[in-house]
Amino acid sequence: MDPADFDTALLDPTRLSIVSLLVGVEWAEFGWVRESVGMSPSALSKQVSTLETRGYVEVKKGYVGKRPRTWLALTPTGRDALERHVAALRRVVEESQRAAERRDS
């Protein structure tokens, strides 16, 4: 397994959780993502900034009534990165299973 197969940004479990949540929705409200990953607003904001810098997440700010809101969306680049990263993880599992089967036979 080539370490280059893994996305270094997605090796962090928090960032992996964020993009995994976003893959199933068009846009997600920041508060929902925060609650889902169990983070403080400032900690989530830092992780989202990292993902945004890499082009994996788009951030949109607006208002609901008079209350400010932030929404997050996974970009096509982020979706591709997640798919490649998950494929690399699957290869690790498959290679480990094959090695265990060879050992047991």
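Residues numbered from 1 in each chain as written. Predicted model: local features only at pLDDT ≥ 70, side-chain atom pairs only at ≥ 80, totals over all residues. Heavy atoms only, no water.

A. Main features of helix α4 (residues 76-104). Its 29 residues place the ends of α4 42 Å apart at the C-alpha level, agreeing with the 42 Å of an ideal helix rising 1.5 Å per residue. Regarding α4, the residues found buried are Gly 78, Ala 81, Leu 82, His 85 and Ala 88. Tucked into the core, α4 has its buried residues touching α1 (13-22) and β3 (67-74). (Helix = DSSP H or I, 4+ residues; strand = E, 2+ residues; numbered from the N terminus. Expected span 1.5 Å × (residues − 1). Buried < 20%, exposed > 50% of the residue type's maximum accessible area, 1.4 Å probe, protein only. Contact = heavy atoms within 4.5 Å.)

B. Region of the structure containing the packing of aromatic side chains. Counted under the stated rule, the structure contains zero aromatic pairs. The side chain of Lys 60 reaches across the aromatic face of Trp 27, ending 4.3 Å from its centre. When the ring centre of Trp 71 is taken as reference, the NZ or CZ atom of Lys 60 above it lies at 5.9 Å. (Phe/Tyr/Trp six-rings, centres within 6.5 Å; stacked < 30°, edge-to-face > 60°. Lys NZ or Arg CZ within 6 Å of the ring centre and 35° of its normal.)

C. Region of interest: the pattern of salt bridges. In total, this model carries two salt bridges according to the counting rule given. Asp 7 is paired through a salt bridge with Arg 54; the nearest N and O atoms lie 3.7 Å apart. With Asp 7 in the segment before α1 and Arg 54 in the loop between α3 (41-53) and β2 (57-64), the pair connects residues that are 47 residues apart, well separated along the chain. What makes Arg 54 partly exposed here is its relative accessible area of 39%. Of the charged contacts, one joins Glu 35 and Arg 34 as a salt bridge, the two residues approaching to 3.8 Å between their closest N and O atoms. Judged by its relative accessible area of 58%, Glu 35 falls in the exposed class. The exposure class assigned to Arg 34 is partly exposed, which follows from its relative accessible area of 25%. (Salt bridge = Lys/Arg side-chain N within 4 Å of Asp/Glu carboxyl O.)

Read these as geometric descriptors, not functional statements.
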